[in-house]
Amino acid sequence: MTDGEAFLLVFLLIYLSDCLVWLPPSGYAVISYCRRNSFVVRRARVTFEALKKGFAVLNPLPPFGTVFVGEAWPISLSADGMAPFSRENPNPGSLLGSLPGTGFVAWEAVEKVRAEEGYLVVNGKRFARSATRSGAAALARGIETIRRESDPARREAAIDRWMRRRFDPRVAARRAAFFRRATSGLRFSCATLFLLVFLVLPFAYWRYQDDTRFYLVLLAAWLLMWQIGFEFFHLHRRFYPRQKADRWQHLLFALVFPHYAIRSLDVLSKGFLPDSHPLAIAAALATDEERGKLADAIRRDADHPIPSTGEGGAACETAESFRRRHFRPALLDLIEKCDAGGNSDFSESSEKPVAVCPRCRTPYESAGLPCEDCGGILTLKV
């Protein structure tokens, strides 16, 4: 193997390692692999406990490399206050997945709400973790709107409107269409750089070695990296005006490392739909099969939440009230509109189990046994 071939192999491995999206246990990635309108829903396949995150694999080809990240609700809201967890949390993960030192906060006690590095910060303390920085910013904006309402009934109405908007697939569809239009030029440039780096440059090196013509091709690739970098900077400032540090960091890397420039579209798209629930994104973009599987799983999580192992209190009461009064009705309305729910994991099986966990659908030998993966929920007879 020549030095040029070894360098190309190493660069290819580095590039493939960058074709990942990091997700917390509550995160969902809606990814396109083959066609623009054939998105699939993925959660982290490999999880690192120390990082509290895992990764899902993206499409390595820039023309099809769009990914939108959504998440299960990280908090619960009521007319009285908010709790730092939600009963929607999918497996694996504890119901009370709140950060240390957090608990129920009454609206009267909330003085300042802001987003900081992917966290929702309330009164100067980290209150909840979000899948993306823009997701944390969207949470902060929504909470500020609700906090300004002094009447409890109007707060309940504001929470309900917020939920309905997050479960509206039309909002996700319009935003996704706008993203495709706004980034069409950048997508073409990233695809061109991909072909230039992985096809034209290796051929030029093999054909011309250290000849001037090879360096001209190298210069063309570098100039294209600059174009992508500044086009990314303009779009990022337009989409995420407050994320200045992230913008400058990616720009500097994109001017030096080709794989950063090629994957610039992913950086823009990951947090572009922070106001939409993953099911709403899937209803707008994913295939019917993917949408149906996700709707079935989220509905089971909402109908059979992990039992609380704590002593209850205002936080647990708020979480349960939020599930019953706001989350579940909005979820069921979306499923009814899309006609995507009610699938059975055992409808195609010739031999049905005796009992299953109502949450994860794991088969058991008898009813009434606790499911360890779901916090001790008792199995039900099929």
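Residues numbered from 1 in each chain as written. Predicted model: local features only at pLDDT ≥ 70, side-chain atom pairs only at ≥ 80, totals over all residues. Heavy atoms only, no water.

K.L.:
Hey, could you go over the overall build of the protein for me, with residue numbers and the actual values?
P.N.:
In terms of helices and strands, the protein carries 12 helices and 17 strands. The C-alpha radius of gyration of the protein comes to 23 Å, within 12% of the 21 Å expected for a compact globule of 382 residues. The principal-axis extent of the C-alpha atoms belonging to the protein is close to 75 × 55 × 40 Å. Burial analysis of the protein (382 residues in total) assigns 49% to the buried set. Sequence separation of at least 24 residues holds for 67% of the intrachain contacts in the protein that already meet a minimum separation of 6. Looking at the protein, you have 51 positive and 41 negative side-chain charges, and the mean spots of the two groups are 6 Å apart. (Helix = DSSP H or I, 4+ residues; strand = E, 2+ residues; numbered from the N terminus. Rg over C-alpha atoms; globule rule 2.2 N^0.38 Å. Buried < 20%, exposed > 50% of the residue type's maximum accessible area, 1.4 Å probe, protein only. Contact = heavy atoms within 4.5 Å. Lys, Arg positive; Asp, Glu negative; His and termini not counted. Charge placed at Lys NZ, Arg CZ, Asp CG, Glu CD.)

K.L.:
Let's hear about the sheet that holds strand β5 (residues 53-57): which residues, and what values?
P.N.:
Taking strand neighbours across the sheet as the criterion, the three strands line up as β1-β5-β4 in an open arrangement whose pairing is antiparallel. At either end of the open sheet lies a strand with only one pairing partner, and these are β1 (20-23) and β4 (46-48). On average, each strand axis in the sheet is inclined to that of its neighbour by 25°, with strand direction left out of account. Where β4 lies against β5, three bridges are found, and the strand directions are antiparallel. In the sheet register, Phe-48 faces β5, and the bridge partner there is Lys-53. (Pairing = 2+ DSSP bridges. Axes fitted to C-alpha atoms, helices over the stretch in contact; angles between N-to-C directions.)

K.L.:
Lay out the packing of aromatic side chains in plain terms, naming residues and giving numbers.
P.N.:
All chains considered together, the criterion is met by 27 aromatic pairs. A ring pair is formed by Phe-68 and Phe-179, whose centres lie 5.7 Å apart and whose planes are at 75°; its orientation type is edge-to-face. With Phe-68 in strand β6 (residues 67-71) and Phe-179 in helix α4 (residues 169-182), this residue pair connects regions lying 111 residues apart in the sequence. What makes Phe-179 buried here is its relative accessible area of 0%. Arranged with centres 5.4 Å apart and planes meeting at 65°, the rings of Tyr-205 and Phe-214 form a pair that is edge-to-face. Given the relative accessible area of 29%, Tyr-205 is considered partly exposed. Cluster of aromatic residues (ring-pair linked, three or more members): Phe-39, Phe-68, Phe-178, Phe-179, Phe-239, Tyr-240 and Phe-272. (Phe/Tyr/Trp six-rings, centres within 6.5 Å; stacked < 30°, edge-to-face > 60°.)

K.L.:
I'd like a rundown of the sheet that holds strand β7 (residues 76-77), residues and numbers included.
P.N.:
In sheet architecture, strand pairing relies on hydrogen bonds along the backbone and comes in two forms, parallel and antiparallel. Read across the sheet, three strands follow the order β7-β8-β9 without closing on themselves; strand pairing throughout is antiparallel. Looking at which strands have only one partner, the edges of the open sheet turn out to be β7 and β9 (105-106). The sheet contact formed by strand β8 (residues 81-83) and β9 spans two bridges and is antiparallel. Among the inter-strand pairings, Gly-81 is bridged to a residue of β9, identified as Ala-106.

K.L.:
Give a description of helix α2 (residues 133-147) that names residues and reports values.
P.N.:
End to end, α2 covers 21 Å across 15 residues, agreeing with the expected 21 Å (1.5 Å per residue, within 8%). By the burial criterion, the buried members of α2 are Ser-134, Gly-135, Ala-136, Ala-138, Leu-139, Ala-140, Gly-142, Ile-143, Glu-144 and Ile-146. Contacts from the buried residues of α2 go to β7, β8, β10 (113-116), β11 (119-122) and α3 (152-166). (Expected span 1.5 Å × (residues − 1).)

K.L.:
Break down helix α5 (residues 184-208) for me, with residues and values.
P.N.:
Counted at 1.5 Å a residue, the expected span for α5 with its 25 residues is 36 Å, and the 33 Å between its end C-alpha atoms agrees. Approximately 40° is the largest bend angle found in α5, and it occurs at Leu-196. Considering only its buried residues, α5 is in contact with α1 (3-17), α6 (212-239), α8 (258-262) and α9 (264-269). Of the residues trailing α5, Gln-209 is marked for its positive phi of about 55°. (Bend = angle between axes of the 7 residues up to and from the residue.)

K.L.:
Lay out unusual backbone geometry in plain terms, naming residues and giving numbers.
P.N.:
Positive phi outside glycine occurs at Glu-117, with the angle close to 55°. With respect to the helices, strands and loops of the structure, Glu-117 is situated in the loop between β10 and β11. A positive phi angle, close to 55°, is found at Asn-123, a residue other than glycine. Here Asn-123 lies in the loop between β11 and β12 (125-129).

K.L.:
Give me the pattern of salt bridges: which residues, what numbers.
P.N.:
Two side chains of opposite charge can pair, provided their charged atoms sit close to one another. For the structure on display, the rule yields 23 salt bridges. For the salt bridge of Arg-147 with Glu-144, the shortest nitrogen-to-oxygen distance reads 3.0 Å. Taken as a pair, Arg-147 and Glu-144 lie in helix α2 at a separation of three residues, close to a single helical turn. For Arg-147, a relative accessible area of 25% translates into the label partly exposed. (Salt bridge = Lys/Arg side-chain N within 4 Å of Asp/Glu carboxyl O.)

K.L.:
Give a description of the side chain of Asp-301 that names residues and reports values.
P.N.:
Inspection of the secondary structure puts Asp-301 in helix α11 (residues 288-303). The contact partners of Asp-301, leaving out residues within four places of it in the chain, are Arg-87, Glu-88, Pro-90 and Arg-359.

K.L.:
I'd like a description of the packing of α3 against helix α12 (residues 313-338), backed by residues and values.
P.N.:
Closest axis-to-axis distance for the α3/α12 pair is 9 Å, and the angle between their directions is 35°. Two packed elements cross with a definite hand, and for α3 against α12 that hand is right-handed. Contacts from Glu-156, Ile-159, Asp-160, Met-163 and Arg-164 of α3 reach α12 at Phe-322, Arg-325, His-326, Phe-327, Pro-329, Ala-330 and Asp-333. (Left-handed = near helix turned anticlockwise from the far one by under 90°.)

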